[in-house]
Amino acid sequence: RLIQDGFHLAVAALPVDDLWRGHTELADGDIWNADIADELLDLAHAMALRAAAVAERVVAALQQPAEHVSWSTIELAGRLRLRAAAPILAQMLIGADDEASDIGEPLMYALIAIGDPGVIEPLASRFADLPWGTRLYISEVLEHLRCAESERALITLLQGAADIEVASGLALGLCWLGREEE
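So, here is what we can say about the structure in this document. Predicted, not measured: the structure shown is a model, and the values here were computed from it.

For Arg81, which is not glycine, the phi torsion reads 50° and is therefore positive. Within the secondary structure, Arg81 is located in the loop between helix H5 (71-79) and helix H6 (86-95).

Given below as structure tokens:
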């Protein structure tokens, strides 16, 4: 393969159907296997070059039952910054089983990458009823969505936070939200 800045140019030349097929075949593989992770990253880079052609497939894959959605598809939605995926990802985060799920973190990062303030209300409205870890992920999302709605949500949630660790995460989010961009 030809490599340029770690990106395999041969992968970039593949048709979209082949890229998507490769993604879906590898998505259920061992995510800790470096070869699989590298191939998924190459495919994600190539699909990002043709985001419009891939967007509908990603959104359709995310609409499957959560147990059938791979972390790599979630990550791809974030990498492509698919606003159409944001409400789906927010609902997945709200419904994620804090103890048994390994998708909370990729959901958080995808929502941050997409940056859609439309997810603030659904995330904040269910916050108090969610497991501890999910509340921390939501705090991170709110911290990175730099807008007035996010600030209001963090203040409101902080006022009602009983758990010191969750309150600390919300307060930290407010601090980071108010900092100047570097």
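Alright, that's what it looks like, and here's the rest.
With that out of the way, let us pick up the packing of helix H7 (residues 104-114) against helix H9 (residues 132-144). Here H7 crosses H9 at 10°, and the two axes come no closer than 9 Å. Comparing the axis directions of H7 and H9 gives the class roughly parallel. In the crossing of H7 with H9, the sense of the turn from one axis to the other is right-handed. Together, Gly104, Glu105, Met108, Leu111 and Ile112 of H7 and Tyr137, Glu140, Val141 and His144 of H9 make up the contact between the two elements. Grouping the constituent residues of the contact of H7 with H9 by class yields five nonpolar, two polar and two charged.

Contact geometry of helix H10 (residues 148-160) with helix H11 (residues 164-177) gives a least axis separation of 9 Å together with a crossing angle of 155°. Viewed along their axes, H10 and H11 adopt a mutual orientation that is roughly antiparallel. Relative to H11, the crossing made by H10 is left-handed. For the pair H10 and H11, contact is made by Ser150, Glu151, Leu154, Ile155, Leu157 and Leu158 and by Ala167, Leu170, Ala171, Gly173, Leu174 and Leu177, respectively.

This part is about the side chain of Arg135. Assignment of secondary structure puts Arg135 in helix H9. This buried residue, Arg135, is left without a salt bridge; Asp163 holds the nearest opposite charge, at 5.3 Å. Excluding anything up to four places from it in sequence, Arg135 contacts Phe127, Leu130 and Val166.

With that out of the way, let us pick up the pattern of salt bridges. On inspection of all chains with the given rule, the structure shows three salt bridges. Salt-bridge contacts for Asp17 lead to Arg57; the nearest nitrogen and oxygen are separated by 2.4 Å. One end of the pair, Asp17, is in helix H2 (residues 16-27); the other, Arg57, is in helix H4 (residues 51-62), and 40 residues separate them in sequence. Under the relative-accessibility criterion, Asp17 is labelled partly exposed at 43%.

Here the focus is the nonpolar core. With 55 residues, the main nonpolar core has Val58, Leu62, Ile74, Leu89, Met92 and Leu123 as its most contacted residues. Per element, the largest residue contribution to this core is seven residues, and it comes from H6. In contact with Leu62, other than residues within four places in its own chain, are Val69, Thr73, Ile74, Ala77, Ala85, Ile88, Leu89 and Met92.

Helix length check: helix H3 (residues 34-49) (16 residues) gives 23 Å between terminal C-alpha atoms against 22 Å at 1.5 Å per residue, within 8%. All buried positions along H3 are accounted for by Ile36, Leu40, Asp42, Leu43, Ala44, Ala46 and Met47.

Glancing now at the environment of Leu123. Here Leu123 shows up in helix H8 (residues 120-126). Residue Leu123 is classed as buried on the basis of its relative accessible area of 0%. Counting along the chain gives 19 residues from Leu123 to Leu142, while the straight-line C-alpha distance between them is 8.8 Å. Other than its neighbours up to four places away in sequence, Leu123 contacts Ala90, Leu93, Ile94, Leu111, Ile138 and Val141.

Here we come to the environment of Trp20. You can see Trp20 is positioned in helix H2. According to the relative accessible area criterion, Trp20 is buried, its value standing at 13%. Residues Trp20 and Val58, spaced 38 residues apart in sequence, show a C-alpha to C-alpha distance of 9.1 Å. Apart from residues no more than four positions distant in its own chain, Trp20 is found in contact with Met47, Val54, Arg57, Val58, Ala61 and Leu76.

Cut-off values and rules
For every chain, the first residue of its written sequence is number 1, and the numbers climb from 1 along that sequence. At least 70 in pLDDT is required for a residue's local features to be given in this predicted model, at least 80 for side-chain atom pairs to be given and counted, and no such filter applies to totals for whole chains, interfaces and linings, which use all residues. Computation of side-chain values: all heavy atoms of the structure, hydrogens and water removed. The secondary structure listing takes helices from DSSP runs of H or I that are at least 4 residues long and strands from runs of E that are at least 2 residues long, numbered from the N terminus. Between N-to-C directions, angles cover 0 to 180 degrees, with each direction set by a line fitted to C-alpha atoms, over the stretch in contact for helices. Note that the term roughly parallel is reserved for angles under 35 degrees, roughly antiparallel for angles over 145, roughly perpendicular for angles of 65 to 115, and oblique for everything else. In this scheme, a crossing is called left-handed if the near helix is turned counterclockwise away from the far one by less than a right angle; it is called right-handed if the turn is clockwise. Any two residues having at least one pair of non-hydrogen atoms within 4.5 Å are treated as being in contact. Side-chain classes are defined by residue name, with Ala, Val, Leu, Ile, Met, Phe, Trp, Tyr, Cys and Pro counting as nonpolar, Asp, Glu, Lys and Arg as charged, and the others, Gly among them, as polar. Any residue under 20% of the maximum accessible area for its type is buried, any over 50% is exposed, and the rest in between are partly exposed; the area is computed with a 1.4 Å probe on protein chains only. Asp and Glu are treated as the negative residues and Lys and Arg as the positive ones, with His and the ends of the chain left uncounted. Salt bridges are counted wherever a side-chain nitrogen of Lys or Arg sits within 4 Å of a carboxyl oxygen of Asp or Glu. Grouping buried Ala, Val, Leu, Ile, Met, Phe, Trp, Tyr and Cys residues that are joined through side-chain atoms within 4.5 Å yields what is termed a nonpolar core. An expected span of 1.5 Å times one less than the residue number is assigned to each helix.

Function cannot be read off these values alone, since they describe shape.
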